Amino acid sequence: MQYWLMKSEPDVYSIDKFKKDGKTLWTSVRNYQARNYMMEPKEPGQITMKKGDLFLFYHSNAEPSACVGIGRIENVSVPDPEQFIKKSEYYEPRATKEKPVWFCAECRYVKHFTKPLALQELKADSKLKNMLLLKPGSRLSVQPVEENDFKHILKISGTSI
DNA sequence: GCCAACGTTGGC
DNA sequence: GCCAACGTTGGC
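Residues numbered from 1 in each chain as written. Chains lettered and ligands numbered in written order. Predicted model: local features only at pLDDT ≥ 70, side-chain atom pairs only at ≥ 80, totals over all residues. Heavy atoms only, no water.

A.B. asks: Could you clarify how one ought to interpret the pairing of strand E1 (residues 3-8) in this entry?
C.D. replies: Look at any regular strand and the pattern is simple: side chains alternate between the two faces of the sheet. Burial of E1 is extensive: six of the six residues sit out of reach of the surface. Side chains Tyr 3, Leu 5 and Lys 7 project from E1 onto one buried face, and the interleaved Trp 4, Met 6 and Ser 8 project onto a second face that is buried too. Where E1 meets strand E3 (residues 54-59), six bridges bridge the pair, whose relative direction is parallel. The partner of Met 6 across the bridge, within E3, is Phe 57. Direction of pairing for E1 relative to strand E6 (residues 142-145): antiparallel, over a ladder of four bridges. (Buried < 20%, exposed > 50% of the residue type's maximum accessible area, 1.4 Å probe, protein only. Helix = DSSP H or I, 4+ residues; strand = E, 2+ residues; numbered from the N terminus. Pairing = 2+ DSSP bridges.)

A.B. asks: What exactly am I supposed to notice about helix H4 (residues 147-156) here?
C.D. replies: The α-helix advances 3.6 residues per turn, and as a result positions three or four apart in sequence lie on the same side. Among the residues of H4, Asp 149, Phe 150, His 152, Ile 153 and Leu 154 are the ones counted as buried. For H4, the elements touching its buried residues are E1, E3, strand E4 (66-79), strand E5 (103-118), helix H3 (119-124) and E6. Two residues or fewer past H4, Gly 158 is found with a positive phi of approximately 70 degrees. (Contact = heavy atoms within 4.5 Å.)

A.B. asks: How should I be thinking about the packing of aromatic side chains in this particular structure?
C.D. replies: How two aromatic rings sit relative to each other is set out by the distance from centre to centre and by the angle between their planes. Under the definition given, this model contains nine aromatic pairs. Grouped by ring-pair contacts, the aromatic residues Tyr 13, Phe 18, Trp 26, Phe 55, Phe 57 and Tyr 109 constitute a single cluster. One residue, Lys 97, lies across the ring of Phe 84, its end atom 4.3 Å from the ring centre. (Phe/Tyr/Trp six-rings, centres within 6.5 Å; stacked < 30°, edge-to-face > 60°. Lys NZ or Arg CZ within 6 Å of the ring centre and 35° of its normal.)

A.B. asks: Mind showing me how you'd approach the protein's contact with DNA strand B here?
C.D. replies: Taken together, Asn 31, Tyr 32, Pro 136, Gly 137 and Arg 139 make up the full set of residues near DNA strand B. Sugar and phosphate atoms constitute 65% of the interface atoms of DNA strand B, taking the interface as everything within 4 Å of the protein. The contact in question runs from a phosphate oxygen of DNA strand B to an N or O atom on the backbone of Pro 136, over 3.1 Å. A distance of 2.6 Å is found between a base oxygen of DNA strand B and a side-chain nitrogen or oxygen belonging to Arg 139. (Near = heavy atom within 4 Å. Polar contact = N/O pair within 3.5 Å; in protein donor to acceptor, adjacent residues only side chain to side chain.)

The structure is reproduced here in structure tokens:
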């Protein structure tokens, strides 16, 4: 089992919307590294998402930016439908149905945190200092999380699965 | 709204 | 394949 963190701006797609939808396609990611995490591995040993993996839902560009809940990966390597929509901001002229360029994961809502865990609180916790999220200049919107970090975050947020 | 840190693009 | 210019992310 692998753990992840996925960022979304609450103005664009919030955890409340996620709960209402129950299930969503994590569309509009336009970064190759983040995309590759949401696909079947291209080479053996590559760390990618698998059905059943859990992730932290993170609100970025928020007041305050915070981890707000948990989701579960339902499916990977799903072609991002946005790339085929000419009018979409995320239209991809290079993509064809046979050879899509962008892929996404299908995600299932699991639960809200008992209380949101603000970025400041994460930074203040020395146990989490190696988290990718807390590294300066780390902007990946989909990133792996160490199991012990994931479990520690659940613990200090008072959340159990 | 600013800007640092990245990622991407495209000329050469 | 280098790298300058440009675009984007996201905390502050």
